[in-house]
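Architecture and fold: a report
Here is how the chains run, residue by residue.
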Amino acid sequence: MKNWFCVVCVLFIIFTGCIKSKSIITTLEVTDIAVLSGDTYILSMKLEKEGYGASVLYSPGFDGYPEYEYFLASQTGTGADYRTIKEIEGISGVIVKENVIGHKGYYEGKEGIVFINASDYQVIKFIENPGLVPPDYTNDYMRFLLKGYAVYEQHTDTKIITTLTDTNLNVIDAKYNPLDQEEIAYIDSNSDGLYLIRNDGTGNTLLVSGLNAKRLYWNPDGNTIAFMSPDTIYTIERTGANLTVKRTFPEPSGYKAMCFYHDRVVYAMQDGLRVFKF
């Protein structure tokens, strides 16, 4: 077991001959979090190496510049212990659905979206896609969402991208309804609104605005959407009814990554995970 929150170690490597001693300072931090089940979390992590002395053997002038390693890990509870799953170059945007871990990264030298089984960690499907990190995908991996100036949906086999909304937005989150995966909830920060839209572009409906929403997540029942502002968690029905404040809390400072789930928000801090359930 390893402690990933305050990992700073100094190693001295001595090369005989013409190379002086070089120090290596390594820093490990969480870059993304997803809930696997219960209190077990999937983490993407980045190891930064500074002053990597051995590199001067091969790249004169490189000494002092950082190198990075990326890997996937799991953790149970809120302490600082994790278990390494596998090294994955450039991993980001981790999502867990139906016991499948989806993430952006490299596979066999190509950049794209990788889906791996959460039980044996074998690759199920790879979609070459050097573009943006998707905020959500369907359970059959056939479609995924993209966000930016609009909400976009891409088909994984045909690579066709459909623009679902106007293109003058600033979409900061979007998620499929878990029941039919054809209805999409999204947040547009330009209008400070939470919306629903069908994946054919119809039925664009404002549910609520003016609450500084940042993240959203559907309840598994497909009827209720949880969303959060920097210090408040709300729920609202997909009809726009029953807006409810579920919890208020001060957003912790200095967190490295965060995850918003239908019943909790999780922050990666220096001393472990901080979880606010609602």
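A quick note: this is a predicted structure, and the numbers were derived from the prediction, not measured.

**Here we look at the overall build of the protein**
Along the backbone of the protein there are 0 helices and 24 strands. Pairs at least 24 apart in sequence give 38% of the contacts found in the protein among residues at least 6 apart. Carbon together with sulfur atoms contributes 48% to the accessible area of the protein, which is approximately 13400 Å² in total.

**Some details on the sheet that holds strand S14 (residues 171-176)**
In space, the 4 strands of this open sheet follow the order S14-S15-S16-S17, with antiparallel pairing throughout. The open sheet terminates on both sides in strands that have one partner only, identified here as S14 and strand S17 (205-209). Ignoring strand direction, the axes of neighbouring strands in this sheet form an average angle of 20°. Two strands pair when backbone bridges link them, and S14 and strand S15 (residues 183-188) are joined in this way by 5 bridges, in the antiparallel orientation. Within S15, the position partnered with Tyr176 by the bridge is Ile184.

**Some thoughts on the side chain of Gln75**
By the element assignment, Gln75 lies in strand S5 (residues 67-76). Among the polar contacts listed, one links the side chain of Gln75 to the backbone oxygen of Gly77, at a separation of 3.2 Å.

**Considerations on the confidence of the model for the protein**
As a general rule, the predicted coordinates of low-pLDDT regions are not to be interpreted in detail. Overall, the predicted model of the protein reaches an average pLDDT of 86, with 85% of residues at or above 70. Across residues 4-23 the pLDDT falls below 50, and counting only partners more than four positions away or on other chains, this stretch makes 55 contacts in the model. With pLDDT under 50 throughout, residues 52-62 is counted as low confidence; its partners more than four residues away or in other chains account for 17 contacts.

**Thoughts on the sheet that holds strand S22 (residues 257-260)**
An order of S22-S23-S24 is seen for the 3 strands of this open sheet, with the pairing classed as antiparallel. Strand pairing shows two members of the sheet lacking a second neighbour, S22 and strand S24 (272-277), which therefore form its edges. Pairs of neighbouring strands in the sheet enclose a mean axial angle of 15°, with direction left out of account. In this sheet, strand S23 (residues 264-269) lies alongside S22 in antiparallel orientation, the contact comprising 4 bridges. By the bridge assignment for S23, Ala257 is matched with Ala268.

What counts and how
Residues numbered from 1 in each chain as written. Predicted model: local features only at pLDDT ≥ 70, side-chain atom pairs only at ≥ 80, totals over all residues. Heavy atoms only, no water. Helix = DSSP H or I, 4+ residues; strand = E, 2+ residues; numbered from the N terminus. Contact = heavy atoms within 4.5 Å. Areas by Shrake-Rupley, 256 points an atom, 1.4 Å probe, with all protein chains shown as cover. Pairing = 2+ DSSP bridges. Axes fitted to C-alpha atoms, helices over the stretch in contact; angles between N-to-C directions. Polar contact = N/O pair within 3.5 Å; in protein donor to acceptor, adjacent residues only side chain to side chain. pLDDT = per-residue confidence, 0-100.

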